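The primary structure of each chain is shown beneath.
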Amino acid sequence: MDLRIFTEPQQGATYDTLLTVAKATEDLGFDAFFRSDHYLRMGDGDGLPGPTDAWITLAGLARETSRIRLGTLMTAGTFRLPGVLAIQVAQIDQMSGGRVELGLGAGWFEEEHKAYGIPFPKEKFGRLEEQLAIVTGLWETKPGETFDFHGTYYDLTDSPALPKPAQARIPVLIGGHGATRTPRLAARYADEFNMPFASVEDSDRQFGRVRAAAEAAGRAADDIVFSNALVVCVGRDDREVARRAAAIGREVDELKANGLAGSPAEVVDKIGRYAGIGSRRLYLQILDLADLDHLELISAEVQSQLS
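Here is a short report on the structure shown in this document. Residues take numbers from 1 onward in each chain, read along the sequence in its written order. Note on the predicted model: pLDDT of at least 70 is required for a residue's local features to be given, and 80 or more for side-chain atom pairs to be given and counted; whole-chain, interface and lining totals, by contrast, use all residues. Water and hydrogen atoms were dropped before computing side-chain values, which therefore reflect all heavy atoms in the structure.

With that out of the way, let us pick up the overall build of the protein. The helix and strand labels rest on DSSP assignments: H or I over at least four residues marks a helix, E over at least two residues marks a strand, and numbering proceeds from the N terminus. Broken down by element type, the protein carries 11 helices and 12 strands. For the radius of gyration, the atoms used are the C-alpha atoms, and the globule rule reads 2.2 Å times the number of residues raised to 0.38. Relative to the compact-globule value of 19 Å for 307 residues, the protein shows a C-alpha radius of gyration of 19 Å, a close match. Over its C-alpha atoms, taken along the principal directions, the protein stretches across nearly 60 × 45 × 35 Å. Exposed residues in this analysis have more than 50% of their type's maximum accessible area, buried residues have under 20%, and partly exposed residues fall in between, with area computed by a 1.4 Å probe over protein chains only. Here the protein, with 307 residues, has 54% of them falling under the buried criterion. Pairs at least 24 residues apart make up 72% of the contacts formed inside the protein by residues separated by at least 6 positions. Using a 1.4 Å probe, the Shrake-Rupley method yields the accessible areas, and only the shown protein chains count as cover for residues. Accessible surface, the protein: about 13,400 Å² in total, of which carbon and sulfur atoms supply 50%. Note that His is not counted, nor are the chain ends; the positive residues are Lys and Arg, and the negative ones are Asp and Glu. Every charge is mapped onto a representative atom, which is NZ of Lys, CZ of Arg, CG of Asp or CD of Glu. With 33 positive and 45 negative side-chain charges, the protein shows a spacing of 3 Å between the two charge centroids. What makes two residues a contact is simply this: any of their non-hydrogen atoms within 4.5 Å.

Here's what the structure looks like:
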């Protein structure tokens with residue numbers, strides 16, 4: 001089971017804060033540092049000092065780290081044109097020496113679009129499908145050849161399909177709870193399918209849909225990595241768990257029901273339940289980015305038991 005650190009910087013974090021967490025992620029032996037792609041805080045608070053851009057952040061981290069994977073859960077398809085996104089991600093992959101992964105979703109948070117003047121189209125899923133075809137098509141086009149795409153939403157003619165990533169294939173992550181279109185899209189494009197903030201039972205059902213869709217498309221279901229994203233709140237004792245829960249404005253019982261919370265032993269036990277349904281990777285949502293002791297505890301007493 002790979003453990004990856006997942007941050008939500010739209011809630012309020014500077015690049016320097018994210019760099020500190022990313023370096024701790026690397027030093028403590030975690031597999032990857034991922035971040036959300038949002039421009040507006042969710043819930044209460046002022047969101048100071050304001051948002052940071054996901055791919056600008058990852059470009060900086062690409063030069064400041066050496067081992068960990070870097071990526072998004074999930075880049076909103078509404079934020080960037082697919083040709084531009086393909087260039088950005090390929091360049092950062094080069095900058096990192098081939099450590100980038102692209103999580104791409106349709107986009108959903110209408111308020112952030114209104115706040116920053118970003119168009120929020122009614123038909124988002126159809127656009128996402130074309131975006132995936134374009135981004136992967138550009139990367140897969142052989143040097144010296146050109147790429148064309150003529151769809152409902154996007155039109156590319158005689159693209160040189162440059163630059164190329166450092167990796168032969170940048171892993172593409174698709175995720176979500178949709179019962180029909182999402183599994184079909186994952187079966188076609190995903191290297192990894194991620195189930196965000198879901199129970200073991202709901203994850204098991206959705207993984208089954210994705211496996212069935214892959215097999216129907218003539219693809220081995222084992223070709224896809226299945227993963228979960230879950231909030232994490234670990235403490236050596238009940239008092240420490242309660243302190244960490246209060247710091248992120250959550251209740252302990254709720255976190256235990258909907259995330260990974262409690263003692264290291266409790267968390268390891270619950271991780272085992274996700275592993276039992278085929279989840280091979282966990283994105284640990286860290287909401288208090290100043291609490292580096294939390295990362296150290298997870299590394300020493302949770303991750304060490306999963307080796």
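Okay, back to it.
What follows is about the packing of helix α2 (residues 54-64) against helix α3 (residues 82-96). Throughout, an axis means a line fitted to C-alpha atoms (over the contacting stretch in the case of helices), and angles, computed between N-to-C directions, take values from 0 to 180 degrees. For the pair α2 and α3, interaxial distance at closest approach is 8 Å and the crossing angle is 15°. It follows that α2 is roughly parallel to α3 by the angle criterion. With respect to the hand of their crossing, α2 and α3 are arranged in left-handed fashion. Residues W55, L58, A59, A62 and R63 of α2 form the contact with α3, whose own contacting residues are L85, V89, I92, M95 and S96. Under the grouping applied here, Gly and all other residues not named as nonpolar or charged are polar, the nonpolar ones being Ala, Val, Leu, Ile, Met, Phe, Trp, Tyr, Cys and Pro and the charged ones Asp, Glu, Lys and Arg. Broken down by class, the residue content of the contact of α2 with α3 amounts to 8 nonpolar, 1 polar and 1 charged. In what follows, roughly perpendicular refers to angles from 65 to 115 degrees, roughly parallel to angles under 35, roughly antiparallel to angles over 145, and oblique to any angle outside these ranges. Handedness of each helix crossing follows the sense of rotation of the near helix against the far helix: counterclockwise by less than a right angle gives left-handed, clockwise gives right-handed.

To qualify as a nonpolar core, a set must consist of buried Ala, Val, Leu, Ile, Met, Phe, Trp, Tyr and Cys residues joined through side-chain atoms within 4.5 Å. Residues W55, L102, W139 and I298 are the most contacted members of the largest nonpolar core, which totals 74 residues. If you tally residues by element for this core, the top one is helix α5 (residues 125-140), at 8 residues. Sequence-distant contacts of I298, that is, excluding residues within four places in its chain, are made with L3, F30, V232, V234, L284, I286 and Q303.

With that settled, consider the pattern of salt bridges. We count a salt bridge whenever a side-chain nitrogen from Lys or Arg sits within 4 Å of a carboxyl oxygen from Asp or Glu. Tallied over the entire structure, the rule returns 21 salt bridges. For D2, the salt bridge goes to R281, with nearest N and O atoms at 3.3 Å. Separated by 279 residues along the polypeptide, D2 in strand β1 (residues 2-7) and R281 in strand β12 (residues 281-286) bring together distant segments of the chain. R184 is the salt-bridge partner of E129, the closest N and O atoms lying 3.0 Å from each other. With a gap of 55 residues between them, E129 in helix α5 and R184 in helix α6 (residues 181-189) connect regions that are remote in the sequence. With relative accessibility at 40%, the residue R184 sits in the partly exposed group. What you see here is one network of salt bridges that share partners, running through R236, E240, R243, R244 and D291.

The next thing to look at is α5. Side chains three or four residues apart in an α-helix point the same way, a direct result of the helix having 3.6 residues per turn. What a helix should span is 1.5 Å times the count of its residues minus one. Compared with an ideal rise of 1.5 Å per residue, which puts 16 residues at 22 Å, α5 spans 22 Å between its outermost C-alpha atoms and is within 8% of the ideal. With respect to burial, α5 is a largely interior element, 14 of its 16 residues being buried.

So, on to helix α8 (residues 238-247). Buried residues of α8: E240, V241, R244 and A245, and no others. Across the axial projection of α8, the buried residues extend over an arc of 135°, all falling on one side. Opposite the buried face of α8, by more than 90 degrees, sit the exposed residues D238, R239 and A246. Structurally, α8 contributes buried residues whose contacts are with β10 (225-234), α9 (252-258), β11 (260-262) and α11 (292-301). Directly after α8, the chain includes G249, whose backbone phi takes a positive value near 70°. As used here, the arc is the angular range of directions from the helix axis to the C-beta atoms.

Further remarks concern the environment of A216. Topologically, A216 is positioned in helix α7 (residues 200-216). On the basis of relative accessible area, A216 is assigned to the exposed category, the value being 71%. Sequence separation between A216 and R184 is 32 residues, and the spatial gap between their C-alpha atoms is 9.1 Å.

A separate point is the environment of W139. Mapped onto the fold, W139 is located in helix α5. With 154 residues separating them in the primary sequence, W139 and D293 have C-alpha atoms 40 Å apart. The residues touching W139, leaving out its near neighbours within four places in the chain, are A86, V89, A90, L102, K164, P165, I170 and V172.

So, on to unusual backbone geometry. The omega torsion across L73 and M74 is -25°, close enough to zero to call that bond cis. The topology assignment puts M74 in the loop between β3 (69-72) and β4 (75-76). With omega at 0°, the peptide bond leading from L162 into P163 counts as cis. Among the secondary structure elements, P163 is positioned in the loop between β7 (155-159) and β8 (172-175). Phi is positive for D158, close to 55°, though the residue is something other than glycine. Relative to the helices and strands, D158 is located in strand β7. A residue is classified by how much of its surface remains accessible, and D158, at 52% relative accessible area, is exposed. Phi angles above zero are rare outside glycine, and F197 is one such case at about 50°. Here F197 is to be found in the loop between β9 (192-196) and α7.

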